[in-house]
Amino acid sequence: MLFRSDALGLGYSGDDVRLARPLQGGNIVVSVRGAQSVRYRDGTVARALSVKTDSTTLEVRTGDDGSFSGFGLVLAGLALERPDLAPLTMRRMLLQMTKGSGLGTFVPERTRFTLRIDNLVMPEYRRGPLGDTIELVSTNAVVNKGIDSADVAAALAKWRDAGGYLTLLETMLKWGSLDMQGQGSGVLKLDDQMRPAGGLNVQLRDYLTTVDAFHAARRLSDEARAAVQQLVGFLSTRGAGGRIGLPLEITNGEIIVGPAKLGTVSPVLPTP
C-alpha cells in the first residue's frame, strides 16, 4: 500500500494491510501488521524512516449520512528507526480526531483531537536531567481556524499566518521527575520558523526535585536554582497537595517553566 504527497516528498508504504467494513456500510477499519516506511525530503536530502509495530489500527468513522466524521489511530509496540539516531520506541499511542462543524474543507474549525502516548523512550535523552522515558503525555486540542488543503507545508503556513492556533485542554506530562498537569486551557500555535509556540498555566508536583536534576546536569546555574527555590518555597505556602502553579511558555524554540528552561522544540516539518 502506498501514499504519496509531492509537497515535502512525503510517502508512506505498508505491508500486510487489511481493510474491513460492515456489509451495510459504517466505519472502515484498516490494520497493518507488516513493515511500514515513511519517506520525506529534508532540504535536498531524501530520508526514510522504518516503522515496526505490534499492531497498527486505523478506524475511519462516518456519520449517519455516510460522510467522514473522524478517525481513531492506535499504535502498539512501536519502534521507529531514525537516521543518525538510535531507534525511538513507545508502548502505545492513541490519536483521535472528531471533525468540526466550522469553516475549512480539510480540517474544519472546531475539529477536536485527543492524543495520548504511553512510555515513549528517546535514547538520545538518556543522560539528560529527566532521563530517556516519557511515562505519559496527553492532551485534548481544539482547532480555532480551519485548514483548507492537504498540502501540509503550504496549508500550515497559511493557517499560521491567518492566526490559527490550538486550544489545549486537560494536558498532562510525566517525564522523569517532572509531573505536570495543565490548569484550565492553553494555546499552541506556530512561530515564523514553524516551531510550536504558546503557553498554559500548569500544576507541578515536587518541582524542586526537577530543578535539582537540571542543576546537577548543569542546565541551571547556582543563582537560577536559588531563585527557583525561593519562588517555589513562596508558592508552596499557598499550594495544596504538594503541587504549585507556574506558567509554561514555549517561545523562540525554548520550553520555559517558571524561571527554568527545560528544553527546546524543533520545527514541526522538515525543510521543504
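So, about the pairing of strand β12 (residues 166-175). Inspection of the sheet shows strand β11 (residues 133-143) paired to β12 by 8 bridges, in the antiparallel sense. Bridge pairing in β12 places asparagine 140 opposite leucine 169. Both β12 and strand β13 (residues 178-190) contribute to a ladder of 8 bridges, which runs antiparallel. When the bridges of β13 are listed, leucine 169 appears paired with serine 185. Two successive antiparallel strands, β12 and β13, enclose a turn made up of 2 residues, where glycine 176 displays a positive phi of approximately 60 degrees.

Among the secondary structure elements, threonine 56 is positioned in strand β7 (residues 55-62). Exposure remark for threonine 56: the relative accessible area of 7% places this residue in the buried category. Side chain to side chain, threonine 56 and glutamine 36 meet in a polar contact 3.1 Å long. If near-sequence neighbours (up to four positions away) are discounted, threonine 56 is found in contact with Val30, Ser31, Val32, Gln36, Leu73, Val74 and Leu75.

Reading guide: rules and limits
Counting restarts for each chain: residues are numbered from 1 in the order of the written sequence. Local features in this predicted model are restricted to residues of pLDDT 70 or higher, and side-chain atom pairs are both shown and tallied only at a pLDDT of 80 or more, whereas totals for entire chains, interfaces and linings draw on every residue. Derived side-chain values reflect all non-hydrogen atoms in the structure, with water molecules and hydrogen atoms excluded from consideration. Note on pairing: two strands pair once DSSP finds at least 2 bridges between them. Segments assigned H or I by DSSP are reported as helices when at least four residues long, segments assigned E as strands when at least two residues long, and all are numbered from the N terminus. Burial here depends on accessible area, computed with a 1.4 Å probe over protein chains only, as a share of the maximum for the residue type. Under 20% is buried, over 50% is exposed, and the range in between is partly exposed. For the purposes of these results, a polar contact is taken to be a pair of N or O atoms within 3.5 Å, where, inside protein, one atom must be able to donate a hydrogen and its partner to accept one; residues adjacent in sequence count only when each atom of the pair is a side-chain atom. In this description, contact between two residues means that some pair of their heavy atoms is separated by no more than 4.5 Å.

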